[in-house]
Amino acid sequence: MAAIHPSVDFRSDTVTWPTEAMRAAMASAVVGDDVYGEDPTVSALEDLAAAMLGKEAGLFVTSGTQGNLIAALSHAQRGDEAIMGEDAHTFCWEAGGMAVLGSLTPRPLPTDHRGRMDLTQIRHAIREDDPHLPTSRLILLENSSGGNHGAALEPEYFEAVHAIAQTHGLRVHLDGARLFNAATALGCAPTAMTQWVDSVSICLSKGLCAPVGSVLVGSQDFIHMARRQRKLLGGGMRQAGVLAAAGVIALKTMTQRLQDDHTTAQQLAQGLATIPGILINPAQVETNMVFFDLADTLPLAPTDLVNRLKQGYDLHIGGYHHRTLRAVTHYWITPEQVNHLIAAIRAIVQGE
Ligand SMILES: Cc1ncc(COP(=O)(O)O)c(C=O)c1O
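The structure presented is a predicted model; accordingly, all values stated were derived computationally and were not measured.

Quick notes on the rules
- Each chain carries its own residue numbering, running from 1 in the direction its sequence is written.
- Owing to the predicted nature of the model, reporting of local features is limited to residues with pLDDT of at least 70; listing and counting of side-chain atom pairs is limited to 80 or more, with chain, interface and lining totals taken over all residues.
- By the criteria applied, helices consist of DSSP H or I runs no shorter than four residues and strands consist of E runs no shorter than two, each listed in order from the N terminus.
- Based on C-alpha atoms, the radius of gyration is set beside the globule rule, defined as 2.2 Å times the residue count to the power 0.38.
- Using C-beta atoms placed from the backbone, we call a residue buried if 20 or more other C-beta atoms fall within 10 Å of its own, exposed if 12 or fewer do, and partly exposed for counts in between.
- A helix is expected to reach a length of 1.5 Å times the quantity of its residues less one.
- Any residue whose C-beta atom, as set from the backbone, lies within 6 Å of a molecule or strand is reported as near that molecule or strand.
- Residues are grouped as follows: Ala, Val, Leu, Ile, Met, Phe, Trp, Tyr, Cys and Pro are nonpolar; Asp, Glu, Lys and Arg are charged; all remaining types, including Gly, are polar.
- We call two strands paired when DSSP finds no fewer than two bridges between them.
- Lines are fitted to the C-alpha atoms to define the axes, a helix being fitted only along its stretch in contact, and any angle between axes, read from their N-to-C directions, falls within 0 to 180 degrees.
- Note on contacts: residues are paired as contacts if their backbone-placed C-beta atoms lie within 7 Å.
- Bear in mind that the domain bounds are from an automatic or database domain assignment.
- Defined on buried residues, the nonpolar core groups Ala, Val, Leu, Ile, Met, Phe, Trp, Tyr and Cys residues joined through C-beta atoms within 7 Å.

Draft legend 1. Main features of the overall build of the protein. For the protein, the count of helices and strands is 14 helices and 13 strands. Taking 20 Å as the expected radius of gyration for a compact globule of 352 residues, we find that the protein reaches 21 Å, a close match to that expectation. Taking the principal axes of its C-alpha atoms as reference, the protein extends roughly 60 × 50 × 35 Å. Here the protein, with 352 residues, has 50% of them falling under the buried criterion.

If you want it as C-alpha coordinates, here you go:
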(Lines give C-alpha, C1' and ligand atoms only; values in the text may rest on other atoms or scores of the structure.)
Protein backbone atom coordinates (compact mmCIF):
# COMPACT_ATOMS: atom_id res chain seq x y z
CA MET A 1 0.00 0.00 0.00
CA ALA A 2 1.43 3.36 -0.98
CA ALA A 3 2.45 5.72 1.80
CA ILE A 4 0.27 8.80 1.98
CA HIS A 5 1.70 11.98 3.41
CA PRO A 6 -0.54 13.18 6.23
CA SER A 7 -0.28 16.95 5.70
CA VAL A 8 -3.34 18.78 4.49
CA ASP A 9 -1.92 20.83 1.68
CA PHE A 10 -3.86 23.70 0.12
CA ARG A 11 -0.80 25.45 -1.38
CA SER A 12 -1.55 24.27 -4.90
CA ASP A 13 -3.08 21.43 -6.89
CA THR A 14 0.47 20.61 -8.02
CA VAL A 15 0.97 18.88 -4.65
CA THR A 16 -1.49 16.12 -5.50
CA TRP A 17 -0.25 12.55 -5.20
CA PRO A 18 -1.15 9.88 -7.77
CA THR A 19 -4.18 7.76 -6.91
CA GLU A 20 -4.02 4.04 -6.18
CA ALA A 21 -5.43 3.33 -9.66
CA MET A 22 -2.62 5.40 -11.18
CA ARG A 23 0.05 3.62 -9.16
CA ALA A 24 -1.33 0.25 -10.27
CA ALA A 25 -1.45 1.33 -13.93
CA MET A 26 2.11 2.66 -13.70
CA ALA A 27 3.35 -0.61 -12.26
CA SER A 28 1.91 -2.65 -15.13
CA ALA A 29 2.40 -0.18 -18.01
CA VAL A 30 3.60 -1.57 -21.33
CA VAL A 31 6.63 0.52 -22.28
CA GLY A 32 9.16 1.03 -25.06
CA ASP A 33 11.71 3.65 -26.10
CA ASP A 34 9.61 6.74 -26.73
CA VAL A 35 12.45 8.66 -28.39
CA TYR A 36 12.27 5.91 -31.02
CA GLY A 37 8.48 6.36 -31.01
CA GLU A 38 8.05 2.88 -29.55
CA ASP A 39 6.24 3.40 -26.27
CA PRO A 40 2.62 2.34 -26.79
CA THR A 41 1.43 3.87 -23.54
CA VAL A 42 2.90 7.28 -24.39
CA SER A 43 1.37 7.09 -27.87
CA ALA A 44 -2.02 6.18 -26.35
CA LEU A 45 -1.82 9.18 -24.03
CA GLU A 46 -0.87 11.53 -26.86
CA ASP A 47 -3.70 10.25 -29.07
CA LEU A 48 -6.20 10.52 -26.25
CA ALA A 49 -5.20 14.12 -25.43
CA ALA A 50 -5.32 15.11 -29.09
CA ALA A 51 -8.80 13.59 -29.47
CA MET A 52 -10.14 15.23 -26.30
CA LEU A 53 -8.81 18.61 -27.41
CA GLY A 54 -9.83 18.30 -31.06
CA LYS A 55 -6.31 18.39 -32.52
CA GLU A 56 -4.45 16.10 -34.92
CA ALA A 57 -1.56 15.04 -32.71
CA GLY A 58 -0.06 15.23 -29.24
CA LEU A 59 3.33 15.18 -27.54
CA PHE A 60 4.02 14.07 -23.97
CA VAL A 61 6.30 16.62 -22.32
CA THR A 62 7.89 16.84 -18.90
CA SER A 63 5.98 19.82 -17.50
CA GLY A 64 3.62 22.67 -18.24
CA THR A 65 6.57 25.04 -18.49
CA GLN A 66 8.22 22.79 -21.06
CA GLY A 67 4.96 22.48 -23.03
CA ASN A 68 4.57 26.26 -23.25
CA LEU A 69 8.24 26.75 -24.12
CA ILE A 70 8.19 24.09 -26.84
CA ALA A 71 5.04 25.67 -28.26
CA ALA A 72 6.67 29.10 -28.40
CA LEU A 73 9.85 27.71 -29.97
CA SER A 74 7.81 25.77 -32.53
CA HIS A 75 5.54 28.64 -33.55
CA ALA A 76 8.06 31.46 -33.57
CA GLN A 77 11.65 32.16 -34.51
CA ARG A 78 14.51 34.23 -33.14
CA GLY A 79 13.50 37.91 -33.31
CA ASP A 80 9.76 37.28 -33.21
CA GLU A 81 7.45 38.76 -30.59
CA ALA A 82 4.85 37.01 -28.45
CA ILE A 83 1.87 38.89 -27.01
CA MET A 84 0.68 37.70 -23.58
CA GLY A 85 -1.05 38.90 -20.44
CA GLU A 86 1.25 40.69 -18.01
CA ASP A 87 0.16 38.28 -15.26
CA ALA A 88 0.28 35.17 -17.46
CA HIS A 89 2.21 32.19 -16.13
CA THR A 90 4.29 32.22 -19.31
CA PHE A 91 5.41 35.78 -18.62
CA CYS A 92 5.76 35.71 -14.84
CA TRP A 93 6.68 32.22 -13.74
CA GLU A 94 8.59 30.41 -16.47
CA ALA A 95 12.03 31.94 -15.93
CA GLY A 96 11.76 33.96 -19.13
CA GLY A 97 12.40 30.76 -21.08
CA MET A 98 11.19 31.94 -24.45
CA ALA A 99 13.48 34.99 -24.27
CA VAL A 100 16.41 33.09 -22.79
CA LEU A 101 16.28 30.08 -25.09
CA GLY A 102 14.28 31.29 -28.09
CA SER A 103 15.35 34.92 -28.44
CA LEU A 104 11.67 35.82 -28.55
CA THR A 105 10.52 39.18 -27.25
CA PRO A 106 7.62 38.95 -24.79
CA ARG A 107 5.04 41.71 -25.26
CA PRO A 108 3.05 41.76 -22.00
CA LEU A 109 -0.34 43.51 -22.06
CA PRO A 110 -2.55 44.50 -19.12
CA THR A 111 -5.36 42.11 -18.24
CA ASP A 112 -8.76 42.65 -16.64
CA HIS A 113 -9.81 41.16 -13.29
CA ARG A 114 -10.37 37.76 -14.98
CA GLY A 115 -7.10 37.65 -16.92
CA ARG A 116 -8.37 38.79 -20.32
CA MET A 117 -6.35 41.11 -22.51
CA ASP A 118 -8.31 43.91 -24.11
CA LEU A 119 -9.00 43.05 -27.76
CA THR A 120 -8.25 46.56 -29.00
CA GLN A 121 -4.95 46.55 -27.14
CA ILE A 122 -4.08 43.22 -28.76
CA ARG A 123 -4.82 44.71 -32.19
CA HIS A 124 -2.71 47.78 -31.41
CA ALA A 125 0.17 45.63 -30.15
CA ILE A 126 0.51 43.85 -33.50
CA ARG A 127 3.38 45.48 -35.33
CA GLU A 128 3.81 46.80 -38.83
CA ASP A 129 6.26 45.01 -41.08
CA ASP A 130 9.16 47.37 -40.42
CA PRO A 131 12.82 46.36 -40.04
CA HIS A 132 13.09 48.41 -36.86
CA LEU A 133 10.54 46.23 -35.11
CA PRO A 134 10.31 42.67 -33.86
CA THR A 135 7.89 40.54 -35.87
CA SER A 136 4.57 39.88 -34.14
CA ARG A 137 4.10 36.11 -34.40
CA LEU A 138 2.28 34.62 -31.46
CA ILE A 139 -0.48 35.29 -28.94
CA LEU A 140 -0.38 33.34 -25.67
CA LEU A 141 -3.60 32.75 -23.72
CA GLU A 142 -4.24 30.98 -20.40
CA ASN A 143 -7.31 29.12 -19.08
CA SER A 144 -8.14 28.94 -16.26
CA SER A 145 -6.36 32.18 -15.42
CA GLY A 146 -4.16 31.25 -12.49
CA GLY A 147 -3.18 34.80 -11.61
CA ASN A 148 -6.81 35.91 -11.55
CA HIS A 149 -8.68 33.72 -9.07
CA GLY A 150 -8.58 30.80 -11.50
CA ALA A 151 -11.18 32.51 -13.69
CA ALA A 152 -12.70 30.28 -16.40
CA LEU A 153 -12.53 32.29 -19.61
CA GLU A 154 -15.39 31.75 -22.06
CA PRO A 155 -15.11 30.40 -25.62
CA GLU A 156 -16.15 33.81 -26.99
CA TYR A 157 -12.88 35.36 -25.82
CA PHE A 158 -10.91 32.70 -27.68
CA GLU A 159 -13.02 33.17 -30.78
CA ALA A 160 -12.39 36.92 -30.72
CA VAL A 161 -8.63 36.51 -30.25
CA HIS A 162 -8.59 33.92 -33.02
CA ALA A 163 -10.25 36.39 -35.40
CA ILE A 164 -7.53 38.97 -34.69
CA ALA A 165 -4.78 36.39 -35.12
CA GLN A 166 -6.27 35.22 -38.42
CA THR A 167 -6.45 38.76 -39.76
CA HIS A 168 -2.78 39.40 -38.99
CA GLY A 169 -1.33 35.94 -39.64
CA LEU A 170 -0.43 35.25 -35.99
CA ARG A 171 -0.50 31.90 -34.19
CA VAL A 172 -2.32 31.34 -30.89
CA HIS A 173 -1.12 29.03 -28.10
CA LEU A 174 -3.22 28.23 -25.04
CA ASP A 175 -1.57 27.48 -21.70
CA GLY A 176 -4.32 25.12 -20.60
CA ALA A 177 -2.61 23.94 -17.43
CA ARG A 178 -6.09 23.88 -15.86
CA LEU A 179 -8.21 23.86 -19.01
CA PHE A 180 -10.38 21.02 -17.70
CA ASN A 181 -11.19 23.08 -14.61
CA ALA A 182 -12.25 25.93 -16.87
CA ALA A 183 -14.37 23.66 -19.07
CA THR A 184 -16.01 22.12 -15.99
CA ALA A 185 -16.85 25.56 -14.58
CA LEU A 186 -18.27 26.69 -17.92
CA GLY A 187 -20.17 23.45 -18.48
CA CYS A 188 -18.71 23.01 -21.94
CA ALA A 189 -16.27 20.69 -23.68
CA PRO A 190 -12.64 21.89 -23.80
CA THR A 191 -12.94 21.93 -27.59
CA ALA A 192 -15.28 24.92 -27.25
CA MET A 193 -12.06 26.84 -26.47
CA THR A 194 -9.40 24.80 -28.21
CA GLN A 195 -11.07 25.04 -31.64
CA TRP A 196 -9.91 28.67 -31.67
CA VAL A 197 -6.21 28.09 -30.96
CA ASP A 198 -3.36 26.46 -32.88
CA SER A 199 -1.86 24.62 -29.93
CA VAL A 200 -2.69 23.77 -26.34
CA SER A 201 -0.63 22.52 -23.41
CA ILE A 202 -2.55 20.74 -20.65
CA CYS A 203 -1.11 19.65 -17.31
CA LEU A 204 -1.65 16.13 -16.00
CA SER A 205 0.11 16.85 -12.73
CA LYS A 206 -2.16 19.45 -11.18
CA GLY A 207 -5.83 18.83 -10.36
CA LEU A 208 -5.70 15.66 -12.46
CA CYS A 209 -3.32 14.04 -9.92
CA ALA A 210 -0.81 12.36 -12.25
CA PRO A 211 2.70 12.53 -10.80
CA VAL A 212 4.48 14.03 -13.83
CA GLY A 213 3.85 15.55 -17.20
CA SER A 214 1.86 17.62 -19.64
CA VAL A 215 0.62 17.04 -23.16
CA LEU A 216 1.05 19.53 -25.98
CA VAL A 217 -1.39 19.18 -28.89
CA GLY A 218 -1.76 20.75 -32.32
CA SER A 219 -1.50 19.93 -36.02
CA GLN A 220 0.70 17.08 -37.29
CA ASP A 221 3.19 19.62 -38.65
CA PHE A 222 3.30 21.54 -35.39
CA ILE A 223 3.88 18.39 -33.34
CA HIS A 224 6.61 17.29 -35.75
CA MET A 225 8.45 20.54 -35.00
CA ALA A 226 7.60 20.31 -31.29
CA ARG A 227 9.17 16.83 -31.11
CA ARG A 228 12.42 18.30 -32.40
CA GLN A 229 12.26 21.14 -29.84
CA ARG A 230 11.54 18.70 -27.03
CA LYS A 231 14.67 16.72 -27.93
CA LEU A 232 16.69 19.92 -28.10
CA LEU A 233 15.54 20.82 -24.59
CA GLY A 234 16.50 17.39 -23.25
CA GLY A 235 12.88 16.38 -22.82
CA GLY A 236 12.97 13.21 -24.91
CA MET A 237 12.19 10.47 -22.39
CA ARG A 238 12.70 6.77 -22.93
CA GLN A 239 10.37 4.29 -21.13
CA ALA A 240 8.03 7.15 -20.26
CA GLY A 241 4.96 4.92 -20.49
CA VAL A 242 5.38 4.42 -16.76
CA LEU A 243 4.42 8.09 -16.39
CA ALA A 244 1.97 8.21 -19.28
CA ALA A 245 -0.06 5.37 -17.75
CA ALA A 246 -1.04 7.70 -14.92
CA GLY A 247 -1.77 10.42 -17.47
CA VAL A 248 -4.29 8.22 -19.28
CA ILE A 249 -6.21 7.75 -16.03
CA ALA A 250 -5.91 11.48 -15.36
CA LEU A 251 -7.57 12.29 -18.68
CA LYS A 252 -10.18 9.53 -18.62
CA THR A 253 -11.38 9.75 -15.05
CA MET A 254 -9.96 12.73 -13.16
CA THR A 255 -11.29 15.25 -15.68
CA GLN A 256 -14.80 14.04 -14.78
CA ARG A 257 -14.64 14.92 -11.07
CA LEU A 258 -13.29 18.48 -11.00
CA GLN A 259 -16.66 19.91 -9.98
CA ASP A 260 -16.01 18.38 -6.54
CA ASP A 261 -12.94 20.61 -6.17
CA HIS A 262 -14.89 23.66 -7.29
CA THR A 263 -17.55 22.85 -4.69
CA THR A 264 -14.98 22.63 -1.89
CA ALA A 265 -13.39 25.87 -3.13
CA GLN A 266 -16.78 27.57 -2.92
CA GLN A 267 -17.31 26.09 0.55
CA LEU A 268 -13.96 27.55 1.62
CA ALA A 269 -14.69 30.94 0.10
CA GLN A 270 -18.09 31.18 1.78
CA GLY A 271 -16.61 30.15 5.12
CA LEU A 272 -13.76 32.65 4.90
CA ALA A 273 -16.24 35.40 4.00
CA THR A 274 -17.80 35.02 7.47
CA ILE A 275 -14.51 35.82 9.26
CA PRO A 276 -14.10 39.51 10.18
CA GLY A 277 -10.85 40.86 8.72
CA ILE A 278 -10.75 38.36 5.85
CA LEU A 279 -11.59 39.99 2.52
CA ILE A 280 -13.00 37.72 -0.14
CA ASN A 281 -15.79 37.76 -2.70
CA PRO A 282 -16.99 34.15 -3.14
CA ALA A 283 -18.53 35.10 -6.50
CA GLN A 284 -14.98 35.52 -7.83
CA VAL A 285 -14.20 31.88 -7.10
CA GLU A 286 -15.01 30.13 -10.37
CA THR A 287 -12.85 27.02 -10.16
CA ASN A 288 -10.55 25.50 -7.50
CA MET A 289 -8.52 28.56 -6.48
CA VAL A 290 -9.39 30.69 -3.48
CA PHE A 291 -7.56 33.99 -3.09
CA PHE A 292 -8.23 36.13 -0.04
CA ASP A 293 -6.78 39.23 1.58
CA LEU A 294 -6.01 40.13 5.14
CA ALA A 295 -7.59 43.52 5.89
CA ASP A 296 -5.06 46.25 6.63
CA THR A 297 -6.76 46.69 10.00
CA LEU A 298 -5.94 43.13 10.99
CA PRO A 299 -2.75 43.01 13.12
CA LEU A 300 -1.52 39.86 11.39
CA ALA A 301 1.14 39.46 8.72
CA PRO A 302 0.37 36.96 5.93
CA THR A 303 3.52 34.99 6.72
CA ASP A 304 2.42 34.71 10.36
CA LEU A 305 -0.89 33.23 9.28
CA VAL A 306 0.87 30.77 6.96
CA ASN A 307 3.33 29.75 9.66
CA ARG A 308 0.76 29.40 12.43
CA LEU A 309 -1.46 27.24 10.23
CA LYS A 310 1.52 25.06 9.47
CA GLN A 311 2.93 24.79 12.96
CA GLY A 312 -0.30 24.68 14.95
CA TYR A 313 -2.57 22.73 12.64
CA ASP A 314 -0.43 21.04 9.94
CA LEU A 315 -2.45 23.00 7.39
CA HIS A 316 -0.57 24.48 4.44
CA ILE A 317 -1.64 27.47 2.38
CA GLY A 318 0.34 29.72 0.08
CA GLY A 319 1.35 33.35 0.35
CA TYR A 320 0.75 35.23 -2.87
CA HIS A 321 1.66 38.88 -2.79
CA HIS A 322 1.25 41.79 -0.36
CA ARG A 323 -1.59 40.72 1.96
CA THR A 324 -3.08 38.18 -0.44
CA LEU A 325 -3.05 34.46 0.31
CA ARG A 326 -4.06 31.48 -1.77
CA ALA A 327 -5.67 28.14 -0.99
CA VAL A 328 -6.32 25.61 -3.74
CA THR A 329 -8.64 22.64 -3.49
CA HIS A 330 -8.00 19.28 -5.13
CA TYR A 331 -8.66 15.55 -5.02
CA TRP A 332 -6.96 15.07 -1.64
CA ILE A 333 -8.92 17.83 0.11
CA THR A 334 -12.19 16.81 1.79
CA PRO A 335 -15.09 19.05 2.90
CA GLU A 336 -14.12 18.26 6.53
CA GLN A 337 -10.59 19.53 5.91
CA VAL A 338 -12.03 22.69 4.41
CA ASN A 339 -14.06 23.24 7.59
CA HIS A 340 -10.93 22.58 9.63
CA LEU A 341 -9.04 25.26 7.66
CA ILE A 342 -11.85 27.79 8.06
CA ALA A 343 -11.98 27.14 11.82
CA ALA A 344 -8.19 27.39 12.16
CA ILE A 345 -8.04 30.70 10.27
CA ARG A 346 -10.92 32.04 12.36
CA ALA A 347 -9.13 31.09 15.56
CA ILE A 348 -5.83 32.67 14.50
CA VAL A 349 -7.46 35.86 13.22
CA GLN A 350 -9.46 36.21 16.44
CA GLY A 351 -6.28 35.77 18.47
CA GLU A 352 -7.36 32.54 20.16
C1 LIG B 1 -1.23 28.40 -15.42
C2 LIG B 1 0.02 27.58 -15.36
N3 LIG B 1 0.68 27.32 -16.49
C4 LIG B 1 1.81 26.58 -16.50
C5 LIG B 1 2.30 26.04 -15.34
C6 LIG B 1 3.60 25.28 -15.39
O7 LIG B 1 3.46 23.96 -15.04
P8 LIG B 1 4.72 23.13 -14.48
O9 LIG B 1 4.81 23.44 -13.03
O10 LIG B 1 4.33 21.71 -14.76
O11 LIG B 1 5.92 23.54 -15.24
C12 LIG B 1 1.64 26.28 -14.12
C13 LIG B 1 2.18 25.71 -12.86
O14 LIG B 1 1.66 25.86 -11.80
C15 LIG B 1 0.47 27.06 -14.14
O16 LIG B 1 -0.18 27.34 -13.01
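Read on for the rest.
Draft legend 2. Representation of helix α2 (residues 40–52) within the structure. In a regular helix each residue adds 1.5 Å, so 13 residues correspond to 18 Å; α2 covers 18 Å between its end C-alpha atoms and thus fits that length. By the burial criterion, the buried members of α2 are T41, V42, L45, E46, A49, A50 and M52. Where α2 ends, the next residue or the one after it, G54, has phi of about 70°, a positive value.

Draft legend 3. Quick peek at the site of the ligand. Neighbouring residues of the ligand: T14, S63, G64, T65, H89, E142, G146, D175, A177, C203, S205 and S214. For the shell around the ligand, the per-class residue count stands at two nonpolar, eight polar and two charged.

Draft legend 4. Main features of the sheet that holds strand β7 (residues 199–203). Sheet architecture is open: seven strands sit in the order β2-β8-β7-β6-β5-β3-β4, paired in mixed fashion. The sheet is open, and its two edges are formed by β2 (57–61) and β4 (105–109), each paired on a single side. Each neighbouring strand pair of the sheet contributes to a mean axis angle of 20°, computed without reference to strand direction. In the sheet, strand β6 (residues 171–176) pairs with β7 via four bridges, with the strands oriented parallel. Residue pairing across strands places H173 opposite S199, the latter belonging to β7. Strands in contact with α2 are β2, β7 and β8 (214–218); relative to β2, the strand with the most contacts, it is inclined by about 125°.

Draft legend 5. Looking closely at the domain arrangement of the protein. Under the domain assignment, the protein is made up of domain 1 (17–255) and domain 2 (257–349). Inter-centroid distance (C-alpha atoms) of domain 1 to domain 2 is 29 Å. Taken residue by residue, the interface counts 16 residues in domain 1 and 15 residues in domain 2.

Draft legend 6. Quick peek at the sheet that holds strand β13 (residues 324–328). Ordered in space as β9-β10-β13-β12, the four strands form an open sheet in which the pairing is antiparallel. With one partner strand each, in any of the chains shown, β9 (278–279) and β12 (318–319) form the two edges of the open sheet. Judged from the two bridges that link them, β9 and strand β10 (residues 289–294) form a sheet pairing that is antiparallel. Looking at β10, one finds that L279 is bridged to D293.

Draft legend 7. Seen up close, the environment of V61. By secondary structure assignment, the location of V61 is in strand β2. Since 28 C-beta atoms lie within 10 Å of it, V61 is described here as buried. Setting aside its immediate chain neighbours within four residues, V61 contacts Q66, G67, I70, G213, S214, L216, R230 and G235.

Draft legend 8. Region of interest: the nonpolar core. In terms of nonpolar packing, the biggest core is built from 76 residues, with A49, A72, A82, I139, V215, A246 and A250 touching the most fellow members. Take this core: its biggest share by element is nine residues, from helix α11 (residues 241–252). Those residues in contact with A250, other than ones at most four positions away along the chain, are L204, L208, C209 and A210.

Draft legend 9. Fine view of the pairing of β13. The sheet contact formed by β10 and β13 spans five bridges and is antiparallel. Counted as the bridge partner of F292 is L325 from β13. Of the pairings in the sheet, the one linking β12 to β13 comprises two bridges and is antiparallel in character. In the strand pairing of β13, G318 is matched with R326.

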